[in-house]
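Observations on chain architecture
Listed below, chain by chain, are the residues.
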Amino acid sequence: MVFKTIGVIGGGTMGQGIAEMLAARGLDVLLVEKTTDKLDRALEQIAVSLDKQIERWSLTEVEKKLILAKIRKADSLQDMAACDMVIETISEDLNAKKHVFFQLNQICSPAIILATNTSTLSVTEIAAVTTNPERVIGLHFLHPVAKIDLVEIIRAMKTSDETFEQTRRFVDELILKKSIKVTESPGFITTRLICTLINEALHTLSEGVASAEDIDNAMRIGYDFKYGPLEMCDRFGLDSVHAALEGMFRDYGDMKYRPSFLLKQMVRAGHLGVKTGEGFFRYDKDGDRL
């Protein structure tokens, strides 16, 4: 299969990052959101991301224009029929994702690969609402998409060898990232491991062992992490981390996945991290630490 046009469903943080990365690799991107306002906001944020790269001398104005020209607005999901692959990036809500895939099943031809960017949910269950579950696969990109050259490819129960191989070539050869094959399991590899670390950092903080700053410095400086676990939690979104832990706790039944009570309190208070400007640390509108 030749991949030329990729559909991206959802213009949130991950959708923006994936759309920008695909366009930077020379692919045509069709981006769709629930409303025109949300779609416009997503494109504005992509432009802001590109402007930051220009400020760091890693991008030129001409390259910015070329990337933005590759991203087109889709009027509705119906436009996804013109794509060679569709990547769904909406929030981690199983029923919402299943609804999207049920619609895509009626819109897209059986030759089009349907991928979900879920970090914890069952790709098998999502695929079950389609009549061609063999063409459904998980493509878990990590944030920030442009900087992290890793993609988890998740095989659902009925994902075909052909779908997997085409997707692997797409990742390794076309968008030039490193793929790792994952047999479906709650949390896959990256989410399962990082959420366990974050949860332990939350227990350490709530027990008064050390401050948030010192806990993060211990891992950032001591183990060469780019961000400490608490800032990672802020950047992932505390609500997203909470949902991931709840899902793994439910599926595995292991106490190590039970979300810290402190995390629950923060979510209830609306302190969700970068997206709200405040979590364990404070951030400006561009997501930089204050």
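The structure under discussion appears in the preceding block.
Overview of the structure. Just so it is clear, the model here is predicted, and its values are computed rather than measured. (Residues numbered from 1 in each chain as written. Predicted model: local features only at pLDDT ≥ 70, side-chain atom pairs only at ≥ 80, totals over all residues. Heavy atoms only, no water.)

For the rest of this paragraph, the subject is the overall build of the chain. Counting its secondary structure elements, the chain contains 11 helices and eight strands. Here the chain has a C-alpha radius of gyration of 19 Å; the compact-globule value for 290 residues is 19 Å, and the two agree. When its C-alpha atoms are laid out on the principal axes, the chain stretches across 55 × 45 × 35 Å. With 290 residues in all, the chain has 47% of them scored as buried. In the chain, 65% of the contacts between residues at least 6 apart in sequence involve partners at least 24 apart. (Helix = DSSP H or I, 4+ residues; strand = E, 2+ residues; numbered from the N terminus. Rg over C-alpha atoms; globule rule 2.2 N^0.38 Å. Buried < 20%, exposed > 50% of the residue type's maximum accessible area, 1.4 Å probe, protein only. Contact = heavy atoms within 4.5 Å.)

It is worth spelling out the pairing of strand E1 (residues 5-9) at this point. The element E1 is largely enclosed, with a buried count of five among its five residues. Covered by surrounding structure in E1 are Thr 5, Gly 7 and Ile 9 together with Ile 6 and Val 8, the residues of both alternating faces. Across five bridges, the pairing between E1 and strand E2 (residues 28-32) is parallel. From the neighbouring strand, Ile 6 faces E2, where its bridge partner is Val 29. Of the crossover connections in this fold, the one passing from E1 over helix H1 (residues 13-24) to the parallel E2 is right-handed. (Pairing = 2+ DSSP bridges. Right-handed = clockwise from strand over helix to strand, strands pointing away.)

We now examine the nonpolar core. Within the largest apolar cluster, 35 residues are counted, with the highest numbers of intra-cluster contacts made by Leu 22, Ile 87, Leu 139, Phe 141 and Phe 170. Contacts of Phe 170, omitting those with residues within four sequence positions, involve Phe 3, Ile 6, Leu 22, Leu 27, Met 85, Leu 139 and Ile 175. In terms of nonpolar packing, the next biggest core, distinct from the first, is built from 23 residues, Ile 107, Val 123, Ile 126 and Val 136 among them. (Core = buried A, V, L, I, M, F, W, Y, C linked by side-chain atoms within 4.5 Å.)

Here we take up the pattern of salt bridges. The full count for this structure, using the stated rule, is 15 salt bridges. Of the charged contacts, one joins Lys 275 and Asp 239 as a salt bridge, the two residues approaching to 3.0 Å between their closest N and O atoms. Of this pair, Lys 275 sits in the segment after helix H11 (261-269) while Asp 239 sits in helix H10 (residues 238-252), placing them 36 residues apart in sequence. Residue Asp 239 is classed as partly exposed on the basis of its relative accessible area, which comes to 27%. Overlapping salt bridges bring together Glu 213, Glu 231, Arg 235 and Arg 289 as one network. (Salt bridge = Lys/Arg side-chain N within 4 Å of Asp/Glu carboxyl O.)

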